[in-house]
Amino acid sequence: MSDIPLHSLGRKGKTRAGYAPLNDAQDNDAQDTDMRTSVLRTAAARNANLTAKGKGKQRERYIDADDFDEEATLLGNRDSTLEEIEEGNVGEQSKRRSSRQRPSSIHKTQDKSRTIPFRPAEKLQSRFPPNLVRNQKYNIFTFFPIVIYEQFKFFFNLYFLLVALSQFVPALKIGFIVTYVAPLAFVLFVTMGKEAYDDYKRNLRDREANSQKYLILVPSSDSGPHTRSVPSSSLKVGDFVVLEKNQRVPADMILLRTSDASGTCFIRTDQLDGETDWKLRVAVSATQKLVNDRELLDLDAEVYADAPIKDIHTFIGTFTIHTPRTHSVDDVPMVQVPAVEPLSADNVLWSNTVLAAGSAVGFIVYTGSETRAVMNTSHPETKVGLLDLEINRLAKILCAVTFALSFGLVASNGFRGQWYIYVFRFLILFSSIIPISLRVNLDMGKTVYAQQIMNDSEIPGTIVRTSTLPEELGRIEYLLSDKTGTLTQNEMEMKKLHMGTMSYGFDSMDEVAHQLASAFGADQAHARSNSMATGAQLAMRGRRDMSSRLRDVVLSLALCHNVTPVTNDDGTLTYQASSPDEVAIVKWTESVGLTLVFRDRTRMELQTPTGARLTYDILDIFPFTSESKRMGIVVRDAHSGEVLFLQKGADVVMARIVQRNDWLEEETGNMAREGLRTLVVARKRLTPQQYAAFKTAHHAASIRLDGRSEAMISVVAEHLEHDLELLGLTGVEDKLQDEVKGTLELLRNGGIKIWMLTGDKIETARCIAISTKLVARNQYIHEVAKLKTSDQVRDELEFLQSKLDCCLVIDGESLQLCLNLYKNEFIEITTKLSAVVACRCSPTQKADVARLIRHHTKKRVCCIGDGGNDVSMIQAADVGVGIVGKEGKQASLAADFSVTQFSHLTKLLMWHGRNSYRRSAKLAQFVIHRGLIISIMQAVFSAIFYFAPIALYQGWLMVGYATIYTMAPVFSLVLDCDVNEDLALIYPELYKELTKGRALSFKTFFQWLMISLYQGAAIMIMSLLLFETEFLNIVSISFTALVINELIMVALEITTWHIYMVISEVVTLFFYVISIAFLPEYFDLDFVVSTRFAWKVAVIVAVSALPLYVIKLIRSRVAPAASSKLL
């Protein structure tokens, strides 16, 4: 920087881009400096489209202004000068971008873009959100009101609250207050205790995350330390954070320095985008050149960062140094020419990623709620099961029945006296129609299901985190799955190498190693022997030809990549790369004898099977992009000086680059059908003249101001990418999780539509869709990528509408466009497809898709994933399943159910989901029946006795009926099974029946209503017909008949008997008989032990229960259930 001369940055004779052409007569220093400054400014202007940045009242903009001359700069009037020119030369592009990106941000206060100087003032730091992790739902003030609201927004609980409160009004009081208040209080207490405990655990996790210590750089005297340890929650925008290997990044920061001399480092982004491959990040070059970290504190620099957005692949910013650190020879301070360097996502470490190797220094730009990680996570909603909502709807119908009964009885009496009081008293008498015990029974049932799931030895390690949702597992119609770590293990392995005339499978790799050793001279002495016969010599020559071809392809694979070998503390080698495919190929070359031992930005060293070292100079690298779908490298053999251009890539692009051949297309198709990821490897030898011509043209293109990237691509295509020698085709397998194919097939047969949402590339996702059998063998795969216009979207949707049997593969960009323009049409068409694969999805896109399917289809959606990037999707689903995997436990902790592998989903849905739903449906209807029958008896009793609102059963009888006399047998229904486990898994089609919701519907509800009406009326009328002289006998006869009737009804409902069911029936009957002796106010013991009592009760029970048994028998013969046909 010290050689920058003073010069005016005038704007006369500007080119189209707004920069003055350089005069040849200018001295070289000035020319170089001008060129560098101009290019940097252009890059900054083009990449960042710099907009106005609010900085208190002072606003700055880095542009070349007409009157921005050295005098103003030297006099220190830079700010005021910029203030004056601010209105003049802003540039239309900048204005357009500003208005497009932030339509609402008209005022400075709303603009969240920021310019942060090094060592910012405390006041500036305090403007940004604190760096706190907060996953709690409640705080000390909101807990009680929110939980109470969540409980009483259910009609069920609200109804009981009103009934309980009515008992405090003397005119409405019936029986014991405790019988109405206690059940409700119990339910509320259990729910609140559970919520409080869950939130306390969340608070502990938050505190642990917020208290993690990090080192920050602080100014100090030369002798003292210059770092200080602070908790994560105390970090602020503008802090310099020192990160060590395997440390999690606490906030979004610009990478300033790394321990690697090249200024690069690798990070693991598994918790952000779900991909376990390491990503390369590059430090700001100006700060990487500094001698040590402490010099950062003396630097007069600042960072501009655009407003925080969700997109983790985009970042717009600039890094500016104002004052050069050195002085000129005459000790005159240099002019403050801002040296601007553009910043992109490659220069940023996002929060929640992990530094994979070395150490680094970062400069915090976003904290807390403004970090990409937090912006991509949604706050968890309280999930309510569909069964609970259905029961809530039925409760409203029951309430209407209660009103109708009460009003009907009062009307029948001719509205005499204080009839409105009588209406309320009847309402309270019939309150058992909506039994509070239903909530208690269902909640206890959910606990039993959760225990059964967690204690299942076939799915070990499964944890139920949301115990209110087990029934939902039986109603799933859409499964949204992550790919990496969920369907696959993300462990790559090279399985095949095809060279046109020869193909090597996984089992013949030792032959490759032998041929390679031969080619590199280990067996050369053997080959040079002259005593052989002519035929043998010819055979050896043919073999040597194959060896040399194999040598070429393996050498190309060992050189054409972006892999860096790293020696661990224990002396072992690990490979770092941004693509697991490349690591797999380099590991394979190592396994056959050619090992990558050293690499930096300019040189690569390989070790041959003989132990010799091959050194290659790296001249150019053309990295892989999703557009180019290929990666190239130009290397020079340090020994022979030979220059090679090596390239590998997808067959679709490589087919037109390599020389004509007759096998590539066919073999690529074969490998793709096996689910292997294919890469075509090719080579071109370059003469020194060819390379010099390419280098000249490439350099000329690289310094262009307009269309630079297009120009560079065309130069590479023109000089290098044609007539390449086709060396071979590699097939890499991404290992699938255990039993994934069988699981997906089973789920599909169960009527579940499966979507795969991944952050990975289209090619990779397509391969996995084929290898997992998500796509049927000959099913058409329709790819949709890079859609730009509404016409393109409409055309694609029309095509899909006409071909609903295909599998759709769509990229994130096109998906977003479809959702923005034709949301309803897109969801309506895609939900009919058998399989959908969405690639390059952001975490929020995954969650949006889940919500849209839920909202549009009104069906149950299950999401399964294993990384931090899947948390939003898991929380947006009706049922979220997290896998405990290599990517940590973040998804598992946020999920409703946590499993250890994908295949456990079969048992979870087909068996436990089935049982939970069917059992709860049966239990709910039986508890409603239990309440209805006693209310019908009350209504008949009141109607006969002059419509008086007097309770038929009072005090202990009412309490005992809902608890000790019927609870155990009714609750034992949670152990019932309609089919055995093997059948449920062999015939997944049985699961389709459940999704129709027939186990609990208005039809079944009205059937139970009719049963209750018949039985209640039969028991009461029969009891009155067999009326004895005293009222006491009616109570004892009808109540005994009622209890025995309920026990028989439970027995009729059971499909598969369990030992506990038998015990509950026998013990309950025993308890009832014993309790009669202790309740003389309700039972006349002399009458109860008489034979008259016994035969009258038997007749009543026969009249109420026998017809139902006969109907059940006939139905099982005429219209048997689907499951019973298999038994």
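The structure presented is a predicted model; accordingly, all values stated were derived computationally and were not measured.

Engineer: Go over the sheet that holds strand β3 (residues 114-117), please, and point to the residues and values.
Structural biologist: One open sheet holds the 4 strands; their spatial order is β3-β10-β11-β12, and the pairing between them is antiparallel. Each edge of the open sheet carries a strand with a single partner, namely β3 and β12 (339-343). Averaged over neighbouring strand pairs, the angle between their axes works out to 20° when direction is ignored. Inspection of the sheet shows strand β10 (residues 301-305) paired to strand β11 (residues 317-321) by 5 bridges, in the antiparallel sense. Bridge pairing in β11 links A305 to G317.

Engineer: Tell me what's going on with the side chain of S351, and back it up with residues and numbers.
Structural biologist: As for its position among the elements, S351 is in the loop between β13 (348-349) and β14 (354-355). Excluding residues that lie within four positions of it along the chain, S351 makes contacts with V249, P250, A251, D252, L272, T371 and A373.

Engineer: Lay out a positive patch on the surface in plain terms, naming residues and giving numbers.
Structural biologist: Positive charge collects at one region of the surface, where R673, K741, K773 and R777 lie side by side. Summarising the element assignment, K741 is placed in helix α23 (residues 740-749).

Engineer: Can you tell me about the packing of aromatic side chains, naming the residues and giving the values?
Structural biologist: In this structure the tally under the stated criterion is 23 aromatic pairs. Judged by centre distance (5.3 Å) and plane angle (85°), the rings of Y138 and F143 are edge-to-face. For Y138, a relative accessible area of 4% corresponds to the buried category. Plain terms: the ring middles of F1005 and F1006 are 5.3 Å apart, the flat faces sit at 65° to each other, and that makes the pair edge-to-face. Lying over the aromatic face of F506, K495 brings its terminal NZ or CZ to 4.0 Å of the ring centre.

Engineer: Can you lay out helix α27 (residues 823-830) for me, pointing to particular residues and giving the numbers?
Structural biologist: Inspection of α27 places F826, I827, I829 and T830 among the buried residues, and these make up the whole buried set. Around the axis of α27, the buried residues are gathered within 165° of arc, so they sit on the same side. Considering only its buried residues, α27 is in contact with β29 (753-757), α25 (790-802), β31 (807-811), α26 (812-821), β32 (835-839) and α28 (843-857).

Engineer: Give me the sheet that holds strand β17 (residues 476-481): which residues, what numbers.
Structural biologist: Reading across from one edge, β16-β35-β34-β33-β17-β29-β32-β31-β30 is the order of the 9 strands in this open sheet, with mixed pairing throughout. Edge positions in the sheet fall to β16 (463-464) and β30 (781-784), since each of these pairs with one other strand and no more. Here strand β33 (residues 860-865) runs beside strand β34 (residues 879-883); their pairing, made up of 4 bridges, is parallel. Paired with C862 across the bridge in β34 is V879.

Engineer: Give me the lowdown on the pairing of strand β8 (residues 264-268), citing residues and values where you can.
Structural biologist: Of all 5 residues in β8, 4 are buried, a share of seventy percent or more. Relative to strand β9 (residues 278-282), β8 runs antiparallel, the two being bridged by 5 bridges. Counterpart to T264 in the pairing with β9 is V282. Where β8 and β14 come together, 2 bridges link them in antiparallel fashion. By the bridge assignment, I267 is partnered in β14 with L355.

Engineer: I'd like a rundown of the environment of Y1014, residues and numbers included.
Structural biologist: Counting through the fold element by element, Y1014 comes out in helix α36 (residues 1002-1025). A relative accessible area of 35% places Y1014 in the partly exposed class. Leave out the neighbours within four places in its chain, and Y1014 touches V1103, S1104 and P1107. Separated by 2.4 Å, the side chain of Y1014 and the backbone oxygen of V1103 make a polar contact.

Engineer: Help me get a handle on the pattern of salt bridges, residues and values and all.
Structural biologist: For the structure shown, the criterion picks out 47 salt bridges. Linking D456 and K907 is a salt bridge whose minimum nitrogen-to-oxygen distance equals 2.5 Å. Here the residue D456 occupies a position in the loop between α14 (437-454) and β16, and K907 occupies one in helix α31 (residues 904-944), the gap between them amounting to 451 residues. Both residues of the pair, D456 and K907, belong to the buried class. Between D878 and R860 there is a salt bridge whose closest N-O contact spans 3.3 Å. Here R860 lies in strand β33 and D878 lies in the loop between α29 (871-876) and β34, a separation of 18 residues in the sequence. The exposure classification of D878 matches that of R860, with both residues buried. One network of salt bridges, with partners in common, ties together E491, E493, K495, E733 and K735.

What counts and how
Residues numbered from 1 in each chain as written. Predicted model: local features only at pLDDT ≥ 70, side-chain atom pairs only at ≥ 80, totals over all residues. Heavy atoms only, no water. Pairing = 2+ DSSP bridges. Helix = DSSP H or I, 4+ residues; strand = E, 2+ residues; numbered from the N terminus. Axes fitted to C-alpha atoms, helices over the stretch in contact; angles between N-to-C directions. Contact = heavy atoms within 4.5 Å. Patch = residues over 30% accessible without salt bridge, like charges linked within 9 Å, V, L, I, M, F, W, Y side chains within 5 Å. Areas by Shrake-Rupley, 256 points an atom, 1.4 Å probe, with all protein chains shown as cover. Salt bridge = Lys/Arg side-chain N within 4 Å of Asp/Glu carboxyl O. Lys, Arg positive; Asp, Glu negative; His and termini not counted. Charge placed at Lys NZ, Arg CZ, Asp CG, Glu CD. Phe/Tyr/Trp six-rings, centres within 6.5 Å; stacked < 30°, edge-to-face > 60°. Buried < 20%, exposed > 50% of the residue type's maximum accessible area, 1.4 Å probe, protein only. Lys NZ or Arg CZ within 6 Å of the ring centre and 35° of its normal. Arc of directions from axis to C-beta. Polar contact = N/O pair within 3.5 Å; in protein donor to acceptor, adjacent residues only side chain to side chain.

The values reported here are purely geometric and, on their own, carry no functional implication.
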